[in-house]
Amino acid sequence: PGPCGPNPPPVMEPCLRAIIYSVQHHLCSQSVFFADRMLNAASLDAFGTNSPAAVALELWADALLRAGEYEQVRWQLRGKNLSPRLQYLLAVACIKLEQFQEAQVALLGGDLDLVELWCHGHLSSLDHVVEGAAGLYQLGQVAEGLRKREQAYECYARCLKLCPFMWCAFERLSWLSLCLRNKTPSQNPREFAAGVFEHDKLMKNDILFPSEICKTVTPSEKCGFRTPRKRRRSGSLHSMPSAHSAKSLSPFGPRFSPRLPLLDRNPVTPVRTWSPSKVRGVFSPQSLASPKSPKKCHRYTPGLPGAVPTEEPNQTHIVHPIDSIDSIDSMHRLRNTVCNVCNTVRSVRSDTGCSVCNAGCRRGKGGDENGDSLRSFSTLLQGLGEALHSLHRFRCQEAIDAVKTLHLNEQRSAFCEDLVARCHFEMQNYEETVRSYGRCCVQHRFFRSFGFEYFSTALWQLGDRLELGNLSRQVLEWGRSRPRAWCVLGNCFSLNNEAEEAIKFFKRAIQLDPNLVYAYSLIGHELVSMEKYEKAIEMFQAAIDLDPRQYNAWWGLGDVFQRQEDFAQAKYNFLRALDINPSNQVLKISLGTVLQEMGQANEALQLLSSAGGASVSSSRALAFLQKGRLLCLEARHSEAVEELRRACYLAPKEPGIHFHLGCACRSLGDSVAALKHFTFALDLANDRHLTDATRKELRELRGQSA
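## Overview of the side chain of Arg74
Logical step 1: If you trace the backbone, Arg74 turns up in helix α4 (residues 70-77).
Logical step 2: Residue Arg74 is classed as buried on the basis of its relative accessible area, which comes to 10%.

Right, dumping it as structure tokens:
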């Protein structure tokens, strides 16, 4: 037959093996090249379930996605009758290009009726999402891109129900559960994480712990290829000359026929037809073992996944470690799993354990080692989930305590150390934040979600120009394509009072990552310092649109309205920020100041008193200062002096504290103490307005003495 006949042209199989080799060695452009050759060799007119064109198109799209060629995938696949796997790949490309409407159509299998139901909020459409849990997660990403947070929440919840180890879905579910008031969990963070990563749910998951009967197979069978030199038993599926034989089911004809262990070998039972997505085992490195592969193979290594010993040790096939994920995926589709004790392969459904060594099955029903590994896995996920959800709730000390319950090596991981440093930042413990992030910089500087923006903000709060300058130089050397690195440069210029240059760097961070919410807030703060209030409000609103729990943006809006003396609006925004993060003492102080301006002195004093009990000295000093100012306005000067002296003890180099303490002492008639504090304020002041006010008070004090 010709190139468009039932059998594929001869170039198909070599191209396939070239693609596998390229994927193994991360040669993305080369894999795209051979996938394109394979696609051109196939018949593009027939995209049937088992056609060579359909399988070639899957390989081609997968290779392009790995190479980052999302636009080409979208252009080639949209508008065609695709398999579920190709629909999923098309959706991934559309999500990368932020074409969310097209992505949701692809994820719902191209069924416009389902799309319409989904757009109107009918959750029954979730039963028809392609690729199961992974497709539900991608649909959640689409819903978030369309600002449909309630639907995104349902997608992530359904995803975790199908596949309880989907950590990426848990991260978004934890955050969304707090954004949506009707979804806010009543449990504490520990119960919330334990409910998601429940031990029994993980034990029943077929991906993590498949239950199989132990059966010894040859390496060629394990790789998914039949051996033509071996005689087939009569009555087996592979000897049947029917349309459902392995030869007819293979998309590449008789020379490329995978075995089909999933199918019932009873000739009477109807045979299920494979879809192209079921042939994705060709991406597995096990597919390299062709019927004509040489007999000499690597020796079996027990620690590597996918390695299966045979009766002759020198005949063993071993999987490349880089592609262990693909090999595990291929093993799952062939319904085979390796016994941890005797290294034989169990196949086809059973929970009785290994029939060779009598070891317990991998679900943990027998065999202490497997049960312990399952318990350890669920405990690990629960601990990490509790820490993350505590941070999302801004219960930072609980998050730190949850991390301390983990194994020591896990505590030293990039994820945990970054989480602990972020907790210290949210607690306004900036010295410890700098120390924690400093350790992370040494060991985990290339961690993808490293919080450089919070690290640099902590240095900004401490006024450490030298360290912030050094960090700016280092992050540029580590990579200019990292958006958070440009936040470091923006904070560096902001500390040097170069607001316009700082805004340029923050905008560069947003160009690299439009979802970097904190950069919008930083731009807003710089615009406030330049007294460009309208533009600042726009930036704070943009941050809130992306993340309604961005309390920094709510505080920024309150600060703008307070400067404009719109105290009602300022109070509303400060209350919203405090509702999100009730443990933040700066928010309490800001709200207390607004209540003071609105004449609600008793409520303001209560808030400032609660803020004075903070564990961080800087927050306590600010609370005592504001409380002292309020008491001065209430003509309670002796109490004001007491509060201001507490603030002075915590922050002895703060000129504002000395100025207000001098005013209070002067009101009590203590001219000597007032002169001393006014002199300190004049020496420490670096602000023109404070300097002028201090000189005026000194002149009046000397006039009274004369």
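Resuming the write-up.
## Here we look at unusual backbone geometry
Logical step 1: Even without glycine at this site, Glu131 takes up a positive phi of about 60 degrees.
Logical step 2: In this fold, Glu131 is placed in the loop between α7 (112-119) and α8 (132-145).

## A look at the packing of helix α20 (residues 430-443) against helix α21 (residues 452-462)
Logical step 1: Relative to each other, α20 and α21 sit at 140 degrees, their axes nearing to 9 Å. With respect to their mutual orientation, α20 and α21 come out oblique. Pair α20 / α21 crosses with left-handed handedness. Contact residues: α20 offers Tyr430, Glu431, Thr433, Val434, Tyr437, Gly438 and Cys441, while α21 offers Phe452, Tyr454, Phe455, Ala458, Leu459, Gln461 and Leu462.
Logical step 2: Classifying every residue of the contact of α20 with α21 gives 10 nonpolar, three polar and one charged.

## With respect to the environment of Cys179
Logical step 1: Here Cys179 shows up in helix α10 (residues 167-179).
Logical step 2: The exposure class assigned to Cys179 is buried, which follows from its relative accessible area of 17%.
Logical step 3: Along the backbone, Cys179 and Asp547 are 368 residues apart, and their C-alpha atoms lie at a distance of 8.4 Å.
Logical step 4: Ignoring any residue separated from it by four or fewer positions in sequence, one finds Cys179 in contact with Pro548 and Arg549.

## Side note on helix α33 (residues 655-667)
Logical step 1: With 13 residues, α33 ought to run about 18 Å at 1.5 Å a step, and its terminal C-alpha atoms sit 19 Å apart, in line with that.
Logical step 2: When α33 is considered as a whole, its buried residues turn out to be Pro655, Gly656, Ile657, His658, Phe659, Leu661, Gly662, Ala664 and Cys665.
Logical step 3: Of the residues flanking the end of α33, it is Gly669, one or two places downstream, whose phi is positive at about 85 degrees.

How each quantity is defined
Residues numbered from 1 in each chain as written. Predicted model: local features only at pLDDT ≥ 70, side-chain atom pairs only at ≥ 80, totals over all residues. Heavy atoms only, no water. Helix = DSSP H or I, 4+ residues; strand = E, 2+ residues; numbered from the N terminus. Buried < 20%, exposed > 50% of the residue type's maximum accessible area, 1.4 Å probe, protein only. Axes fitted to C-alpha atoms, helices over the stretch in contact; angles between N-to-C directions. Parallel < 35°, antiparallel > 145°, perpendicular 65-115°, else oblique. Left-handed = near helix turned anticlockwise from the far one by under 90°. Contact = heavy atoms within 4.5 Å. Nonpolar A, V, L, I, M, F, W, Y, C, P; charged D, E, K, R; others polar. Expected span 1.5 Å × (residues − 1).

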